[in-house]
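Below are the chains, spelled out letter by letter.
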Amino acid sequence: MIHDPAAPATRILSLQRQVGIVGLALVMVLGFATLALAEEKIIKSHGFTEFGDLKYSEGFAHFDYVNPDAPKGGEISMAAVGTFDSMNPYSRTGRAGALASEQFESLMVRSYDEPGSYYGLLAESLEYPESQDWVIFNLRPEARFSDGTPVTAQDVAFSHEILLEQGLQSYRDAVRKRIPRVEVLSDHRVKFYFTPGISRRSLITQVANTSVFSKAWFEADPENRRIDRPRLDPGIGSGPYVLDVVDVNQRITYRRNPDYWGAEVNVNVGRHNYDRIRIEYFGDSVAALEGFKAGVYTVRPENSSKNWGTAYDFAAVDDGDVVKVTLPDGNLAAPAGFIMNLLRPVFQDIRVREAVQLAFNFEWTNDSLQYGLFRQRHAFWQDTDLEARGTPEGREEEVLEALGELVDPAVLDSDPVMAHTSSVDRPTDRRNLRRAMKLLDSAGWAVGDDGVRRNAQGETLTIEFLIDSPTTARVVEPFVANLRNMGIAASLNRVDYAQYSSRRRDKDFDMIFASYPLDLEPSTELMQFFGSEAHEYSVFNPAGLADPAIDAVIDNIVDATTKDELYANTRALDRLLRAKRFMIPVWYLDVNWIAYWDMYAHPQTLPPYSIGLLDLWWVDADKFAALKARGALR
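Each value, and the rule that gives it
- Residues numbered from 1 in each chain as written.
- Predicted model: local features only at pLDDT ≥ 70, side-chain atom pairs only at ≥ 80, totals over all residues.
- Heavy atoms only, no water.
- Pairing = 2+ DSSP bridges.
- Helix = DSSP H or I, 4+ residues; strand = E, 2+ residues; numbered from the N terminus.
- Axes fitted to C-alpha atoms, helices over the stretch in contact; angles between N-to-C directions.
- Phe/Tyr/Trp six-rings, centres within 6.5 Å; stacked < 30°, edge-to-face > 60°.
- Buried < 20%, exposed > 50% of the residue type's maximum accessible area, 1.4 Å probe, protein only.
- Lys NZ or Arg CZ within 6 Å of the ring centre and 35° of its normal.
- Core = buried A, V, L, I, M, F, W, Y, C linked by side-chain atoms within 4.5 Å.
- Contact = heavy atoms within 4.5 Å.
- Expected span 1.5 Å × (residues − 1).

A. Fine view of the sheet that holds strand β3 (residues 75-81). Reading across from one edge, β3-β12-β11-β10 is the order of the 4 strands in this open sheet, with mixed pairing throughout. For this open sheet the edge positions go to β3 and β10 (241-247), each flanked by a neighbour on one side alone. Taken over all neighbouring pairs, the strand axes of this sheet differ in orientation by 20 degrees on average, direction set aside.

B. Here's a closer look at the packing of aromatic side chains. Tallied over the entire structure, the rule returns 44 aromatic pairs. A ring pair is formed by Trp-217 and Phe-218, whose centres lie 5.0 Å apart and whose planes are at 85 degrees; its orientation type is edge-to-face. With a centroid separation of 6.2 Å and 75 degrees between ring planes, the pair formed by Phe-529 and Phe-530 is classed as edge-to-face. Both residues of the pair, Phe-529 and Phe-530, count as buried. The positively charged end of Lys-191 is found above the aromatic ring belonging to Trp-134, 4.4 Å away from the centroid.

C. Highlighting the nonpolar core. Ranked by internal contacts, the top residues of the largest apolar core, which has 174 residues, are Phe-137, Val-356 and Phe-530. Of the residues forming this core, the biggest block, 7 residues, is contributed by helix α2 (residues 153-166). In this structure Phe-137 touches Leu-107, Met-108, Ala-123, Ser-125, Leu-126, His-188, Arg-189, Val-190, Phe-192, Ile-204, Val-207 and Ala-208, once residues within four positions along its chain are discounted.

D. Spotlight on α2. Along its 14 residues, α2 runs 20 Å from first to last C-alpha, staying within 8% of the 20 Å computed at 1.5 Å per residue. Across the 14 residues of α2, 11 count as buried, placing the element largely inside the fold. For α2, every residue scored as buried is listed here: Ala-153, Asp-155, Val-156, Ala-157, Phe-158, Ser-159, His-160, Ile-162, Leu-163, Leu-164 and Gln-166. Buried residues along α2 sit against β7 (134-139), α3 (169-178), β8 (181-186), β9 (189-193) and α5 (215-219).

Below, the structure written as structure tokens:
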């Protein structure tokens, strides 16, 4: 509780009548000591971090990695592939347009050069006790929505509550259990209470990073302005950009708000340098690449090794008008792979899952289809201190031993599961396929006279691979062929983007290609990605994974109070996840591939955790003028 300065005075007057002047002196000493102790327990800060100290002190001028003198103006244009039918990024149905959530700000913003550190944006400061039983955010009085109305504590509380009322069910269930109450203390002070008896990890950052909406805008038409329904009107935000043009399935343009309230706030200095952000939509990735070559848009983060290796041989590259750069990426590469839906009966036998894993040939795929540019992934926290290596030892071993019978003893006695190796000479590795077929035999899936596997009930072993991208198809097709060679009735089903989104949301698939946005300081998000809670319907847990040992280790991670404890438990979790074999790990990069028309500049030293295309780069007016003068850019 915040100390009430009137309370000690009342107690002192009462005691004076009882104990006299000497007693009063003693009580005053004790009272002031108690007051000092209470004040020591309340932390007030301009930022927040779970572990260690903040890099930037109060009143810092700007982040080290920005150019504070970056010029404003011009446009950045990028591509999106597919379709959209909404500009509401929080809807439970439909598909939102690119960057739809960028118009909304949060109370705090993350630093790009410190893992897990946040600094005030809409909030100028926060207050919390050492116990972190609650947190108070003090809003900046100057904060405004794009219509000029003030951002208030009432808007913050409303935003939290409408997401709990109308947001995704898995989000609602998880947050409601942990953050039961929000209280408006004044127009610029809002207090969040946290459930007693649970870990405090990530609760402050949870509320600090929630988007803030205009309460007045929603309440003006509550029937049509709902979080859970698609709509083309995104509503009112407080961010530096506002929606300018929406041409459904063609383009989206955002323009800088000339009256943006936060342009001079220290966390924004040197950022948000474009006058416009334009997104061009294309029907597929091939058309999108051709659009870049033609100058329809000007910046292209490349995710195709085939394109990076072969497609940038056009005249603009040769002439120096288009620049290709490889930029370092200090982030954890999101673990991606072919994910099996464990809610399907066929995948509930780990022998089947291991057999399916063995059908994928990374070495041939990388060499023949990806130009040898990728690296093989083994771990969920690949190439970090959180990756499990060798046999468990030290604190990690203690964590696993404490799980008792919940853990297979082999996990304690062996190295973590590693991705298998395959022949690079051909897509089919006969050695791995023979091993896989023995596993299927032992699991009761026998091969019939027609070459198809069936169980004792006569049910066919069928697996459908659901995709929405032709780029994915070229990698999946050889994999599916290997599954068929093993006697599995495997198929590849490419559907449109809207149908894919709907089926993924409803877990109506056998296998998909997906990734998990893991963090270098993991916390409560792990409950949604890998926890039993809401596993049957959570869109964040595509595998439908539910395992008591994994739940217990996630609880340990959330409860961790030191980095050593966090890292040991995360290594244990990495080991357990790999042992479950629900995902076939594929490839990863530790760099960013970027191609752009030579009209942009960026800070000389980019931060380790973001290259900042949208908010740290800027248009070089002279270079842009030169491109236009040569007729190189439309």
